[in-house]
Amino acid sequence: MSESDEPVHAVLAELSQLPSDGTLVDLGCGTGPTLAATSRRHPRARLVGLDRSAAALSTARTQLTGHGGGLQLVQADLRRPLPLADACVDAVVSYNVLECLGDPAALVREAIRLLKPEGTLVLAHVDFDSIMVSGPPADLDRRVCHAFTDDRQPWMDHANGRIGRTLPGLIAGAGLTLHRTETLTAASTVLTGHAERRVADMRRALLSSAARGTTTVTAIEVTDWHAAVQAAARDRRFFFSETVVIAVGRRT
Ligand SMILES: C[S@@+](CC[C@H](N)C(=O)[O-])C[C@H]1O[C@@H](n2cnc3c(N)ncnc32)[C@H](O)[C@@H]1O
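Calculation criteria
- Residues numbered from 1 in each chain as written.
- Predicted model: local features only at pLDDT ≥ 70, side-chain atom pairs only at ≥ 80, totals over all residues.
- Heavy atoms only, no water.
- Helix = DSSP H or I, 4+ residues; strand = E, 2+ residues; numbered from the N terminus.
- Buried < 20%, exposed > 50% of the residue type's maximum accessible area, 1.4 Å probe, protein only.
- Contact = heavy atoms within 4.5 Å.
- Areas by Shrake-Rupley, 256 points an atom, 1.4 Å probe, with all protein chains shown as cover.
- Lys, Arg positive; Asp, Glu negative; His and termini not counted.
- Charge placed at Lys NZ, Arg CZ, Asp CG, Glu CD.
- Salt bridge = Lys/Arg side-chain N within 4 Å of Asp/Glu carboxyl O.
- Axes fitted to C-alpha atoms, helices over the stretch in contact; angles between N-to-C directions.
- Parallel < 35°, antiparallel > 145°, perpendicular 65-115°, else oblique.
- Left-handed = near helix turned anticlockwise from the far one by under 90°.
- Nonpolar A, V, L, I, M, F, W, Y, C, P; charged D, E, K, R; others polar.
- Phe/Tyr/Trp six-rings, centres within 6.5 Å; stacked < 30°, edge-to-face > 60°.
- Near = heavy atom within 4 Å.
- Polar contact = N/O pair within 3.5 Å; in protein donor to acceptor, adjacent residues only side chain to side chain.

(A) Representation of the overall build of the protein within the structure. Helix and strand counts for the protein come out as eight helices and eight strands. Within the span of the protein, comprising 252 residues, buried residues form 50% of the whole. A separation threshold of at least 6 residues defines the contact pool for the protein, and within that pool the share at least 24 residues apart is 79%. Carbon and sulfur atoms form 51% of the exposed surface of the protein, whose accessible area is close to 11500 Å². Taken as two groups, the 27 positive and 28 negative side-chain charges of the protein have centres that lie 2 Å from each other.

(B) Structural context of unusual backbone geometry. Even without being a glycine, Asn-96 presents a positive backbone phi close to 60°. On the secondary structure map, Asn-96 appears in the loop between strand E4 (89–95) and helix H4 (104–114). Non-glycine residue Arg-236 carries a positive phi angle of around 60°. Topologically, Arg-236 is positioned in the loop between helix H8 (219–234) and strand E8 (240–250).

(C) Summary view of the pattern of salt bridges. Taken as a whole and assessed by the stated rule, the structure comprises 15 salt bridges. Its salt-bridge partner being Arg-198, residue Asp-201 comes within 3.7 Å of it at the nearest N-O pair. Pair noted here: Asp-201 and Arg-198 are both in helix H7 (residues 193–212), with a separation of three residues, about one helical turn. Between Arg-198 and Glu-242 there is a salt bridge whose closest N-O contact spans 2.7 Å. Of the two residues, Arg-198 sits in helix H7 while Glu-242 sits in strand E8, which places them 44 residues apart along the sequence. Accessibility assignment for this pair places Arg-198 and Glu-242 in one class, buried. Bridged by salt links that share partners, the residues Arg-52, Asp-77, Arg-79 and Asp-157 form one connected network.

(D) Just the packing of helix H1 (residues 8–15) against helix H2 (residues 33–41), in detail. Relative to each other, H1 and H2 sit at 60°, their axes nearing to 8 Å. When the interaxial angle is binned, H1 and H2 end up oblique. When you trace H1 past H2, the crossing you get is right-handed. Seen from H1, the contacting residues are His-9, Ala-10, Leu-12, Ala-13 and Glu-14; seen from H2, they are Pro-33, Thr-34, Ala-37, Thr-38 and Arg-41. In the contact of H1 with H2, the residues fall into five nonpolar, three polar and two charged.

(E) Representation of the packing of aromatic side chains within the structure. Enumeration over the complete set of coordinates arrives at one aromatic pair. Here Phe-128 and Phe-148 contribute two aromatic rings whose centre-to-centre distance is 5.7 Å and whose plane-to-plane angle is 85°, an arrangement assigned as edge-to-face. Taken together, the residues span a long stretch of sequence, with Phe-128 in the loop between strand E5 (115–126) and strand E6 (132–133) and Phe-148 in helix H5 (residues 138–150) at a distance of 20 residues. Accessibility classification places Phe-128 together with Phe-148 in one group, the buried group.

(F) Structural detail: the site of the ligand. Taken together, 17 residues sit near the ligand, with Gly-28, Asp-51, Asp-77, Leu-78 and Tyr-95 positioned nearest. Gly-28 is positioned such that a nitrogen or oxygen atom in its backbone is 2.7 Å from a nitrogen atom of the ligand. For the ligand, a nitrogen atom lies 2.8 Å from a polar atom in the backbone of Leu-78.

Encoded structure:
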């Protein structure tokens, strides 16, 4: 089982407060990094991952080979009623998924339906307006970072890049007890690992949106921004950070 270099997954596994033989559902599990972190912490837990991407689920299955408890990876559209019974799980987690949904409160209601009494809901999302990168001039940097926050890629039904800050309100508004609110900031002074992947994602996403005419920045601006970030990395002026908001609710 390979380990993600993003510490957030281990934090989510911890905050889920899963009993060692309990059941956890990951809504929008993707390739399974949160399930893998949960498996390391609770090797006998029953893990359920829902996602609509068959390719991501297939990678998750490979990543979780060797998990000692039960494993169910199910292709499902999170905009529809979830294919699980009422009050059947101890914990529900979801990381970096809600921004894609036009009605995130509907998924939160479904997540609560799945929880046993005293069950835990952990919602976590990068708030993309928190991204800081050194190198590019301020005006260009603001334009590019804000365009990325608002960017909607073709695989997304919706885009709300500022959803991180709304998570505590979503939990409280759904009637759960808001148990904890945390932030986790990833920071790096070198353009490697997560920072490198995020900067590359920003460049790739905005160049494709510029080509489709669906963003507010031009391909030239994106290319200039990226060159300035790379120059900062070469000259040891590089800094990158982004913040994840984590909200934990408890069903009474
Ligand atoms: C940014 S990825 C995050 C994946 C995973 N939680 C992680 O931490 O790596 C967003 C995931 O949400 C899934 N997704 C987006 N909209 C969905 C929907 N309507 N139904 C099911 N899955 C969806 C995508 O397929 C993708 O795997």
